[in-house]
There are 2 protein chains.
Amino acid sequence: MKFQASIDIMPLPALLDPQGKAVSSNMKNIGLATIGNVRIGKHITLEVEAANQAEAEDQVRMACEKLLANQIMEQFEFRVEALEAVA
Amino acid sequence: MKFQASIDIMPLPALLDPQGKAVSSNMKNIGLATIGNVRIGKHITLEVEAANQAEAEDQVRMACEKLLANQIMEQFEFRVEALEAVA
């Protein structure tokens, strides 16, 4: 059974996010001074083949911990949805 | 009134995503051959000061179009939530 995972990886709240800071301070240059506190991270979508939802979530968690996120500096959250049901 | 926006910016489906391809092919090296079709984009959170939800959404859309997303290569979607109510 195929599942689609959608993962958000963001810099930890305690850490500075220089890229987000730069974007924040540029918002006023394009006439959007109402926007602030911008933080920029990664959004990842992937497909995983697994027997059930719990197994798919385990695979995605492992992928995040081993490869996708740097847990010293980033936190991740994800949701997993079934793409298609088997007959 | 303050709103929190959460934006996903992803490479257009028709375009190759070399970064995602590289991650896909590395999944099997860490024992996760069940994972494939990885696509990597940006996740952005920001705060916006606006009179109401519709106005906040307009500001966020403008920020995406003018600064955050490159619409030749990327598509964006976002959701806006009220952070706090005014008395």
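Shown above is the structure to which this text applies.
Residues numbered from 1 in each chain as written. Chains lettered and ligands numbered in written order. Predicted model: local features only at pLDDT ≥ 70, side-chain atom pairs only at ≥ 80, totals over all residues. Heavy atoms only, no water.

Colleague: I'd like a description of the overall build of chain A, backed by residues and values.
Modeller: Within chain A one finds two helices and three strands. Secondary structure elements of chain A occur, N-terminal to C-terminal, as β-α-β-α-β. In terms of C-alpha radius of gyration, chain A reaches 17 Å, well past the compact-globule figure of 12 Å for 87 residues. Based on the C-alpha atoms only, the size of chain A along its principal axes is roughly 55 × 30 × 15 Å. For chain A, buried positions account for 41% of its 87 residues. When the accessible area of chain A is evaluated, it comes to approximately 4,800 Å², of which 54% is carbon and sulfur surface. Each charge class in chain A can be summarised by its mean position, and for the 8 positive and 12 negative side chains these summaries are 11 Å apart. (Helix = DSSP H or I, 4+ residues; strand = E, 2+ residues; numbered from the N terminus. Rg over C-alpha atoms; globule rule 2.2 N^0.38 Å. Buried < 20%, exposed > 50% of the residue type's maximum accessible area, 1.4 Å probe, protein only. Areas by Shrake-Rupley, 256 points an atom, 1.4 Å probe, with all protein chains shown as cover. Lys, Arg positive; Asp, Glu negative; His and termini not counted. Charge placed at Lys NZ, Arg CZ, Asp CG, Glu CD.)

Colleague: Can you explain the relation of the copies chain B and chain A? Please cite residues and give values.
Modeller: When chain B is fitted onto chain A, the two copies agree to an RMSD of 0.0 Å after a turn of 180 degrees and an axial shift of 0.0 Å. Here the symmetry operator amounts to a two-fold rotation axis. When each C-alpha of chain B is compared by its distance to the rotation axis, Lys42(B) comes out closest, at 2.1 Å. Mapped onto chain A, 100% of the interface residues of chain B again fall at the interface, so both copies present the same surface. (Least-squares fit on C-alpha atoms with pLDDT ≥ 70 in both. Contact = heavy atoms within 4.5 Å.)

Colleague: I'd love a proper account of the pattern of salt bridges, names of residues and values included.
Modeller: Residue and element names in this part refer to chain A. Counted by the stated rule, this structure contains four salt bridges over all chains. The closest approach of N and O atoms between Asp-58 and Arg-61, which form a salt bridge, is 3.4 Å. Of this pair, Asp-58 and Arg-61 both sit in helix H2 (residues 53-68), three residues apart, which is roughly one turn of that helix. Residue Arg-61 is classed as partly exposed on the basis of its relative accessible area of 34%. (Salt bridge = Lys/Arg side-chain N within 4 Å of Asp/Glu carboxyl O.)

Colleague: Now, about the sheet that holds strand S1 (residues 2-11) of chain B: what can you tell me, with residues and values included?
Modeller: Ordered in space as S3(A)-S1(A)-S2(A)-S2(B)-S1(B)-S3(B), the six strands form an open sheet in which the pairing is antiparallel. Edge positions in the sheet fall to strand S3 (74-82) of chain A together with strand S3 (74-82) of chain B, since each of these pairs with one other strand and no more. Neighbour-to-neighbour, the strand axes of the sheet open up by a mean angle of 20 degrees, direction not taken into account. By the bridge criterion, eight bridges tie strand S1 (residues 2-11) of chain A to strand S2 (residues 35-49) of chain A in an arrangement that is antiparallel. If you follow Ile7(A) over to S2(A), its bridge partner there is Ile44(A). Relative to the sheet, helix H2 (residues 53-68) of chain B contacts S2 of chain A together with S1, strand S2 (35-49) and S3 of chain B, its axis offset from that of S3(B) by approximately 150 degrees. (Pairing = 2+ DSSP bridges. Axes fitted to C-alpha atoms, helices over the stretch in contact; angles between N-to-C directions.)

Colleague: Which residues make up unusual backbone geometry, and what values go with them?
Modeller: Non-glycine residue Asn37(A) carries a positive phi angle of around 55 degrees. Structurally, Asn37(A) is set in strand S2.

Colleague: Which residues make up the side chain of Asp8(A), and what values go with them?
Modeller: Within the secondary structure, Asp8(A) is located in strand S1. Buried within the structure, Asp8(A) lacks any salt-bridge partner; its nearest side chain of opposite charge belongs to Arg79(A), at an N-O separation of 4.6 Å. Within polar-contact distance, the side chain of Asp8(A) engages the side chain of His43(A) at 2.6 Å. Ignoring sequence-local partners within four residues, the contact set of Asp8(A) consists of Lys42(A), His43(A), Gln75(A), Phe76(A), Glu77(A), Asp8(B) and His43(B). (Polar contact = N/O pair within 3.5 Å; in protein donor to acceptor, adjacent residues only side chain to side chain.)

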